[in-house]
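Single-letter residue listing:
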Amino acid sequence: QISTNFAAHRRFAWPFIADWLAGGPCGERLLLAGCGDGRHVRTALDLGRFTSVVALDVSAGMLAAAGCRLGADAASVTFLHSDVCNVPLPDAS
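Remember, predicted model here, so these are calculated numbers, not experimental data.

Calculation rules
Residues numbered from 1 in each chain as written. Predicted model: local features only at pLDDT ≥ 70, side-chain atom pairs only at ≥ 80, totals over all residues. Heavy atoms only, no water. Pairing = 2+ DSSP bridges. Helix = DSSP H or I, 4+ residues; strand = E, 2+ residues; numbered from the N terminus. Axes fitted to C-alpha atoms, helices over the stretch in contact; angles between N-to-C directions. Contact = heavy atoms within 4.5 Å.

K.L.:
Describe the sheet that holds strand β1 (residues 29-33), listing the residues and the values that go with them.
P.N.:
The three strands are arranged β1-β2-β3 in an open sheet whose pairing can be described as parallel. With one partner strand each, in any of the chains shown, β1 and β3 (77-81) form the two edges of the open sheet. Between one strand axis and the next, the sheet turns through 20° on average, direction left out of account. Of the pairings in the sheet, the one linking strand β2 (residues 52-57) to β3 comprises five bridges and is parallel in character. Residue pairing across strands places L56 opposite L80, the latter belonging to β3. Contacts from helix α4 (residues 60-70) reach β2 and β3, with the element oriented near 165° to β3.

K.L.:
Explain the environment of L63 to me, using residue names and the numbers behind them.
P.N.:
Note that L63 resides in helix α4. Spatially, the C-alpha atom of L63 lies 6.5 Å from that of D37, the residues being 26 residues apart in sequence. Excluding its chain neighbours within four sequence positions, the residues that come into contact with L63 are C35, G36, A55, L56, D57, F79, L80 and H81.

Function cannot be inferred from these measures alone, as they are strictly geometric.
Printed below as a string of C-alpha cells:
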C-alpha cells in the first residue's frame, strides 16, 4: 500500500538527480540503487545516455511500481530486488 501511494504522489524526478544524470558519464552502465517508484529510472531512459540501466530496491512493491511507471520500457531495465548493502552484481561491473 505504501508503494502505491508513494508512486501516485511523486511524479517528477528531483532536479539535482536529473541534472546529474544529464551531465554524468555517457555510454556507461547505470545502477539506480534505491530506485523507488522508478521516476529517476524514467529520466535515465529518456536521456538515452546509458548502455544499460539497473534498478535496485529493497521493496518489491516499489519495483512493481517502477515497472508500472515505465510501461513497455520496463523490458529494457534490469530490476533487482535487494538491499544496497548486498548488491547482487559482480565487483567492478
